Amino acid sequence: MPAACVIGLQWGDEAKGKLVDLLAPQHDHVVRYQGGANAGHTVVDGDEVYKLHHLPSGILHSSVQNYITPGVVIEPTTLIQELDQLQQRGVRPRENLIISQRAHLVMPWHLLEDQAMRDEAVQGESIGTTLRGIGPCYRDKVGRNFAVRAIDLVQDDLPQRIETIVQAKRTYLAALSGRSELAEQLNAQEITRTALKWGEQLGPLLGDTTHLLLDALDAGQQLLMEGAQGSLLDIDHGTFPFVTSSNSSGVGISSGSGVPSKWIQRVLGVAKAYSTRVGGGPFPTELHDDVGDKIRKLGNEFGTTTGRPRRCGWFDAVAVRYTARLSGISGLALMMMDVLSHLEEIQVCVGYEVDGQRVDRFPCDAGTLRDAKPIYETHQGWMHDVSNARSMDDLPPLALAYLKRVSELVGVPVEVVSVGPDREQTIFAA
Ligand code: IMP
């Protein structure tokens, strides 16, 4: 099994970090290949809770080499803070991390551009980004002229480069916001001083991850690829324009990491036993009632990156069947089963009604999805705390029936069931 991958099947926050941390010791390398500090991965180790935005979730395992590859956009200040914080807690992340020289950097102007656009509506609704400069950075990567990559931090022409970009960005920001205040926050000398410090800190960690990973595969070593966000936020295949700016479904693994698809043999799709979404965009099974509030409270559904309350709703089998196919999932990990323990009735969306017609395929257009009415199947809740379950045999029959039905609807076997945040609260189906 040369390369395995963990991919989110919903709108992110599916608890992928927990799984990557659990599976990491069975692999030689863990690879974070897309997204940036917009991600929030929580890893729980006994009493210690680690909230990671940038670092791969294998970082707590000293025997595992971790990589940040070309598809990631790095916010250096956040990355350095995360490295320092882990160091203070006795982890040595600088010893098992390599950052691609090709990865692009989120620069101060990107954060300001995200802020300038924050309230702009598309299709009548704001995207509600995490304000981490993700979209503006990817935009400059594709545009090329104003891009800054990790390797630039250790090149002699960095000050001239920043000077040129700042001049252009000041004009752009003033035009974008219709005000000069944001543009005035950009000072080329100050940014250069900061960037040179980033270079001192991150320079020793830079490497050509593309060659290193290909060498590792040739040597028969095992890779674990860690997806960030979820497949429904994929720039090409998600609920556009309410998406993130990278390929967050399985299709992004090769482009973001440089690992050819022929090596990827196991793709574990991660979904919650219900659904959540942060930010704007259509969400057919969203609950606006006490049940939604109950799920939010029991599941502690507040954003790791922004602290925003997450929108909560029922499991959408139409959406997850689509993303499981798109991402080439071989097994399903169903997370947060414990959260549903205290609900008398549980609904699962098995189709949509659009313009009076039943639709079983996930629509490609956000407008259609916004108008789609979910068709539900009702399941009796198991009303039994499952957080102490450690094997499938410990789960009540109604919980097993729910898992069986979800697996049937999605078309993929359930391989993992999570019943709480701790590593031990995980059941691997035989
Ligand atoms: P951006 O990635 O910050 O540009 O945000 C675009 C959309 O993706 C917004 O709706 C965000 O809330 C959402 N988003 C981005 N990253 C994550 C994540 O890691 N989990 C959940 N939602 C995310």
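The coordinates are above.
From a predicted model like this one, the values you see are computed outputs, not experimental measurements.

**Q** Now, about the pairing of strand 2 (residues 29-32): what can you tell me, with residues and values included?
**A** The alternating pattern of strand 2 places His29 and Val31 and Val30 and Arg32 on opposite faces, both of which are buried. Sheet topology places strand 2 next to strand 5 (residues 65-68); 4 bridges connect them, and they run parallel. Following the sheet pairing, Val31 is matched in strand 5 by Tyr67. With 4 bridges joining them, strand 2 and strand 12 (residues 223-226) adopt parallel strand pairing. Of the residues in strand 12, the one forming a bridge with His29 is Leu223.

**Q** Tell me about the packing of helix 5 (residues 158-177) against helix 7 (residues 188-202), and name the residues and values.
**A** Running from N to C, helix 5 and helix 7 cross one another at 140°; their axes reach a closest spacing of 9 Å. Accordingly, the angle class assigned to the pair helix 5 and helix 7 is oblique. Where helix 5 crosses over helix 7, the handedness of that crossing is right-handed. Between helix 5 and helix 7, the residues in contact are Leu158, Pro159, Ile162, Glu163 and Val166 and Ala188, Ile191, Thr192, Ala195 and Leu196, respectively. Of the residues that constitute the contact of helix 5 with helix 7, the class distribution is 8 nonpolar, 1 polar and 1 charged.

**Q** Go over the packing of aromatic side chains with me, naming the residues and quoting the values.
**A** Enumeration according to the criterion identifies 3 aromatic pairs in this entry. The interplanar angle of 55° and the centroid separation of 5.1 Å between the aromatic rings of Trp11 and Phe283 together place this pair among those described as tilted. Taken together, the positions of Trp11 in the loop between strand 1 (3-8) and helix 1 (16-23) and Phe283 in the loop between strand 14 (275-277) and helix 10 (290-298) put the pair 272 residues apart, joining distant regions of the chain. No difference in accessibility class separates Trp11 from Phe283, as the two residues are buried. Seen in terms of ring centroids, Tyr322 and Phe362 are 5.2 Å apart; in terms of plane orientation they differ by 15°. Their pairing is stacked. Taken as a pair, Tyr322 in helix 11 (residues 317-326) and Phe362 in the loop between strand 19 (357-359) and helix 12 (366-371) lie far apart in primary sequence, 40 residues in all.

**Q** Let's hear about the packing of helix 3 (residues 108-116) against helix 4 (residues 134-143): which residues, and what values?
**A** Close contact between helix 3 and helix 4 brings their axes to 7 Å; oriented N to C, the two are set at 120°. Classified by the interaxial angle, the pair formed by helix 3 and helix 4 is oblique. Pair helix 3 / helix 4 crosses with right-handed handedness. Judged by residue contacts, Trp109, His110, Glu113 and Asp114 of helix 3 engage Ile134, Pro136, Cys137, Arg139 and Asp140 from helix 4. Its residues placed into classes, the contact of helix 3 with helix 4 shows 4 nonpolar, 1 polar and 4 charged.

About the criteria used
- Residues numbered from 1 in each chain as written.
- Predicted model: local features only at pLDDT ≥ 70, side-chain atom pairs only at ≥ 80, totals over all residues.
- Heavy atoms only, no water.
- Buried < 20%, exposed > 50% of the residue type's maximum accessible area, 1.4 Å probe, protein only.
- Helix = DSSP H or I, 4+ residues; strand = E, 2+ residues; numbered from the N terminus.
- Pairing = 2+ DSSP bridges.
- Axes fitted to C-alpha atoms, helices over the stretch in contact; angles between N-to-C directions.
- Parallel < 35°, antiparallel > 145°, perpendicular 65-115°, else oblique.
- Left-handed = near helix turned anticlockwise from the far one by under 90°.
- Contact = heavy atoms within 4.5 Å.
- Nonpolar A, V, L, I, M, F, W, Y, C, P; charged D, E, K, R; others polar.
- Phe/Tyr/Trp six-rings, centres within 6.5 Å; stacked < 30°, edge-to-face > 60°.

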